[in-house]
Amino acid sequence: MHPGPTQEKRFDPANAERLLSLERHARYLPDELLRSLGIAEGHRVADVGCGPGFWALPLARIVGPSGRVAALDASPRMFELLARQNPPPWLDTIEAELPETGLPDGWADWVWLAFVFHEVEPPSALARETLRILRPGGRVAVLDWRPDAAGESGPPRHHRIAPQEVARLLAEAGFAHPDVSLRDADTYLVTAAKPA
Ligand SMILES: C[S@@+](CC[C@H](N)C(=O)[O-])C[C@H]1O[C@@H](n2cnc3c(N)ncnc32)[C@H](O)[C@@H]1O
């Protein structure tokens, strides 16, 4: 089936297992990266575009039973792979067609968007939805591919979104202090806070 105009950039679920590779773990060190942002025990985190759980399972370990992880994706195949990894009961999987999440206003302490911001149309609506589901003072972190990456891995360059554009969209949606850091030659991280 030919993908519709809003699905053209979407990651192919047939390649879902690649998202759980050991190489990827070694490259991103998910537990360390997430903790370094300030995600901690008891937090409520929305893992938006969670895929097969590469980040959702570390997030659940970090927040523990006093926290909550809402793992959202459109793809049942991703949830199948996630379920095989025995997620704890404080991780909920939620089928959602982004940019809508269906989460209540102010639900999250953190919204984590890894390699998904560039796939969702329109990204401005995703930025607004992210603001809506965060509590005042809550934070968003966007990890994504640099359009000017050195390496050949990742989505086609014309599908990518520049970190400055993510920061601009977050600021336009109402976020304060968007901060851009180039993590390595291929990826960037943008963080911002919902005003308290
Ligand atoms: C490249 S994968 C990244 C998955 C995960 N965040 C990771 O880093 O391992 C992007 C994910 O976003 C999901 N996605 C993309 N567009 C979406 C949309 N409009 N609604 C729901 N999920 C979407 C895809 O199904 C896919 O699982």
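You'll find the structure just up there.
Sequence order sets the numbering: in each chain, residues are counted from 1 along the sequence as written. Where local features are concerned, this predicted model is filtered to residues with pLDDT of at least 70; where side-chain atom pairs are given and counted, the filter is 80 or more; whole-chain, interface and lining totals use all residues.

Focus on the overall build of the chain
The cut-off we apply is this: Put simply, DSSP H or I for four residues or longer makes a helix, DSSP E for two residues or longer makes a strand, and each gets a number counted from the N terminus. Only C-alpha atoms enter the radius of gyration, while the globule expectation follows 2.2 Å times N to the 0.38, with N the number of residues. Contacts here follow a simple rule: the backbone-placed C-beta atoms of the two residues must lie within 7 Å.
Helix and strand content of the chain: six helices and seven strands. Over its C-alpha atoms the chain spans a radius of gyration of 15 Å, differing by no more than 12% from the 16 Å that the globule rule assigns to 196 residues. For the chain, the C-alpha atoms occupy an extent of roughly 40 × 40 × 30 Å along the three principal directions. Pairs at least 24 apart in sequence give 67% of the contacts found in the chain among residues at least 6 apart.

Things to note about the pairing of strand S5 (residues 134-145)
What counts, and what does not: Backbone-placed C-beta atoms define the burial measure: a residue is buried with 20 or more other C-beta atoms within 10 Å of its own, exposed with 12 or fewer, and partly exposed in between. Two strands are counted as paired when DSSP detects at least two bridges linking them. By the criterion used throughout, a crossover qualifies as right-handed when its path from the first strand across the helix to the second strand runs clockwise, the strands pointing away from the viewer.
A large share of S5 lies buried, amounting to nine of its twelve residues. Relative to S5, strand S4 (residues 108-114) runs parallel, the two sharing six bridges. If you follow Leu-113 over to S5, its bridge partner there is Val-142. A crossover links S4 with its parallel partner S5, the connecting element being helix H5 (residues 123-133), and its sense is right-handed.

Examining the site of the ligand
Stated precisely, the cut-off is as follows: Only the C-beta atom matters for nearness: placed from the backbone, it must lie within 6 Å of the molecule or strand for the residue to count as near. Here the nonpolar group is Ala, Val, Leu, Ile, Met, Phe, Trp, Tyr, Cys and Pro; Asp, Glu, Lys and Arg are the charged ones; every other residue, Gly included, is treated as polar.
Looking at the ligand, there are 20 residues lining it, with Phe-11, Gly-49, Gly-51, Ala-74 and Leu-98 nearest. Classifying every residue of the shell around the ligand gives 13 nonpolar, three polar and four charged.

Observations concerning unusual backbone geometry
Apart from glycine, the bulk of residues carry a negative phi angle, and the bulk of peptide bonds sit in the trans form. The peptide bond linking Leu-98 to Pro-99 adopts the cis configuration, its omega dihedral lying at 15°. In this structure, Pro-99 sits in the loop between strand S3 (91-95) and S4. Phi at Asn-86 takes a positive value of approximately 55°, unusual for a residue other than glycine. Here Asn-86 falls in the exposed class, since 8 other C-beta atoms lie within 10 Å of it. Phi angles above zero are rare outside glycine, and Phe-115 is one such case at about 60°. In this structure, Phe-115 sits in the loop between S4 and H5.

Here we look at the nonpolar core
What counts here: By definition, a nonpolar core groups buried Ala, Val, Leu, Ile, Met, Phe, Trp, Tyr and Cys residues that are joined through C-beta atoms within 7 Å.
Membership of the largest hydrophobic core comes to 55 residues, with the highest contact counts inside it found for Ala-46, Ala-56, Leu-59, Val-111, Trp-112 and Leu-170. Each residue touching Leu-59, except ones within four places of it in the same chain, is listed here: Leu-34, Ile-39, Val-45, Asp-47, Val-69 and Trp-112.

A short note on the packing of helix H2 (residues 30-37) against helix H3 (residues 56-63)
Definition in use: Lines are fitted to the C-alpha atoms to define the axes, a helix being fitted only along its stretch in contact, and any angle between axes, read from their N-to-C directions, falls within 0 to 180 degrees. What sets the label is the angle itself: under 35 degrees gives roughly parallel, over 145 gives roughly antiparallel, 65 to 115 gives roughly perpendicular, and the rest give oblique. Should the near helix be turned counterclockwise from the far one by less than a right angle, the crossing is left-handed, whereas a clockwise turn marks it as right-handed.
Across the interface, H2 lies against H3 with an axial gap of 9 Å and an inter-helix angle of 55°. As summarised for this structure, H2 and H3 are arranged oblique, according to the angle between their axes. In the crossing of H2 with H3, the sense of the turn from one axis to the other is right-handed. Contacts from Pro-30, Asp-31, Leu-34 and Arg-35 in H2 reach Pro-58, Leu-59, Arg-61 and Ile-62 in H3. When the residues that make up the contact of H2 with H3 are grouped by side-chain class, the tally is five nonpolar, no polar and three charged.

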